[in-house]
Amino acid sequence: MSSRCKYYMLIITIMVITASIPSIKVNAMDGHEILAQQINQLINNDPALNGAIAGISIRSAADGKIIYDHQGDVRLRPASNMKLITAAAALNILGENYTFVTEVLTDGPMKKKTLNGSLYLKGKGDPTLLKSDFDQIAVEIKKHGIKKINGNIVGDDTWYDDVRYSLDLPWSDEMTHYGAQISALTASPTQDYDAGSVKVVVQPATRKGDKPIVKMTPKTNYLKIVNHAVTGAEESKKNITIERVHAKNTITIKGTIPIKEKPEQDWIGVWDPTRYAMSLLKQSLTEHGIQVTGKLKTGMVPDTAKMLTTHHSIPLSELLVPFMKLSNNVHAEILIKEMGKVKGKGSWENGLKVLNSELVKFGVNPKTLVLRDGSGVSHVNLIPANQLSQLLFAVQKEKWFSSYLQSLPVAGAPEKMIGGTLRNRLNDPLVRGRVKAKTGTISTVSSISGYVKTKSGQTLIFSILLNNLLEDTKGKKVEDRMLTIIANQ
């Protein structure tokens, strides 16, 4: 073959290969060329993005026009950025003032301070019930003159269906607070409202070799603690594990905690949150001098039952703060089921149908999305960055937007219920306090979407979705560098 033929063959081969490589769409509006140049340089040169996929969308908050787009129409896993969609739909359907109601009823008569019948605890999705709330319920029951319940405590969780886990929840998340079972009747350990879980704290004993001290919130005998851990020497290494046995309420603690070490703590999802809530009510009744002769059972409230008292949760506008700032998965899934219940049935399937139909009102195209849950824990969820930024633009006109915006984590704000998942990020004085955004993390995925006030005084909307990362923690550093570039425009 002649050298000229070889040259033409080489040119043809290069043309074929070039045509087969998918083009990466990068758009920048006039006046934002420097922004585009700086972000493109970061994308092309940061080693954390080698082999990864980045979907980036930046819009003007004033008119919604896209000023930068890098693969913005490519469907990517959003992780907890999914909660931006869930929260918006919930505010639109349920309203800022929506509260979850818990009802206490009975089917029996009272005679001489004895209730001859069962006490029914009907849950309607409240994720904020604390032990103190069950104490208050006990006080209200006592006001009726009841000192003895000659019957069972029956938990009714039929407000939602009986499916406890979302379709794609990893089996390894079952014992965690962020993978806790979803029930219409549940309880939380603290005002972080990690529904369906308990808080476990392990602190060293005062003598080396002794078992560490274990404290559980709320104090309950619903779960059993098996403590195999030991207090180690001051120079020993901390390696405490706190795990619940599958399908049981036994928490096993193993490992070593040095004698002067700070306590180790974790939140553990319980098995069967319905019975967990019932057990807390029975405990409160006993502590308030009300004797219960029967057992804990599950069932439905009969039509003939009479209401004794009700308990209302905090309004949705307030619940959004721990939900969004602390990225609470259980809240997200409860909201999905509640939206489904308002429109018919409290299930994931029905709730997600409602969610999809609601998105159209915000200019989001449901046909471009794959939605499998409300929290973003699923690796099957797929959302383009341009659709998330469109949502964030559209919600600005809603009457509930101030509650929505207030629920977002604030960059560098140290208070937990202000900074949330951004309290230890973006501490640079040029950025701190100027970014309000929802973060997201699942294995190989990091995301952040929200609003940023730039150096020039304009507000920009952004969505950054990073997928196929080798280390999602390195994705956070890429996001922070990118947001610093955007903020300094």
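We now turn to the structure provided with this report.

Conventions used here
Residues numbered from 1 in each chain as written. Predicted model: local features only at pLDDT ≥ 70, side-chain atom pairs only at ≥ 80, totals over all residues. Heavy atoms only, no water. Axes fitted to C-alpha atoms, helices over the stretch in contact; angles between N-to-C directions. Helix = DSSP H or I, 4+ residues; strand = E, 2+ residues; numbered from the N terminus. Parallel < 35°, antiparallel > 145°, perpendicular 65-115°, else oblique. Contact = heavy atoms within 4.5 Å. Nonpolar A, V, L, I, M, F, W, Y, C, P; charged D, E, K, R; others polar. Pairing = 2+ DSSP bridges. Expected span 1.5 Å × (residues − 1). Buried < 20%, exposed > 50% of the residue type's maximum accessible area, 1.4 Å probe, protein only. Core = buried A, V, L, I, M, F, W, Y, C linked by side-chain atoms within 4.5 Å.

1. Topic: the packing of helix H3 (residues 82–93) against helix H8 (residues 348–359)
Argument step 1. The interhelical angle for the contact between H3 and H8, taken along N-to-C directions, is 85°, at an axis separation of 10 Å. By the criterion of interaxial angle, the relationship of H3 to H8 is roughly perpendicular. Only Val354, Leu355, Glu358 and Leu359 of H8 make contact with H3, whose side of the interface consists of Met82, Ile85, Thr86, Ala89, Asn92 and Ile93.
Argument step 2. Residue composition of the contact of H3 with H8, by class: seven nonpolar, two polar and one charged.

2. Considerations on the sheet that holds strand S15 (residues 241–244)
Argument step 1. Strand order in the open sheet formed by three strands is S13-S16-S15, with mixed pairing between adjacent strands. The sheet terminates laterally at strand S13 (224–227) and S15, the two strands that pair on one side only. Ignoring strand direction, the axes of neighbouring strands in this sheet form an average angle of 20°.
Argument step 2. In this structure, S13 lies alongside strand S16 (residues 250–254), joined through four bridges in parallel fashion. Bridge pairing in S16 links lysine 224 to threonine 250.

3. Brief notes about helix H5 (residues 273–287)
Argument step 1. With 15 residues, H5 should cover 21 Å at 1.5 Å per step; its first-to-last C-alpha distance of 21 Å lies within 8% of that length.
Argument step 2. Where burial is concerned, most of H5 is hidden: eleven out of the 15 residues are buried.
Argument step 3. Within H5, the full set of buried residues consists of Pro273, Thr274, Tyr276, Ala277, Met278, Ser279, Leu280, Leu281, Gln283, Ser284 and Leu285.
Argument step 4. Backbone geometry just downstream of H5 places glycine 289 in the positive-phi region, at approximately 80°.

4. Quick look at the nonpolar core
Argument step 1. Formed by 52 residues in total, the largest nonpolar core has its most connected members in Leu355, Phe362, Leu391, Val395 and Tyr404.
Argument step 2. Put simply, the parts of the chain that give this core at least two residues each are H3, helix H6 (316–325), helix H7 (329–342), H8, helix H9 (385–394), helix H10 (401–406) and strand S25 (459–467).
Argument step 3. With nine residues, the single largest contributor to this core is H3.
Argument step 4. Among all residues touching leucine 355, those that are not within four sequence positions of it are Met82, Ile85, Thr86, Ala89, Ile336, Met339 and Leu371.
Argument step 5. Counting 38 residues, the second-largest nonpolar core is a separate cluster that includes Leu121, Ala277, Leu296 and Leu308.

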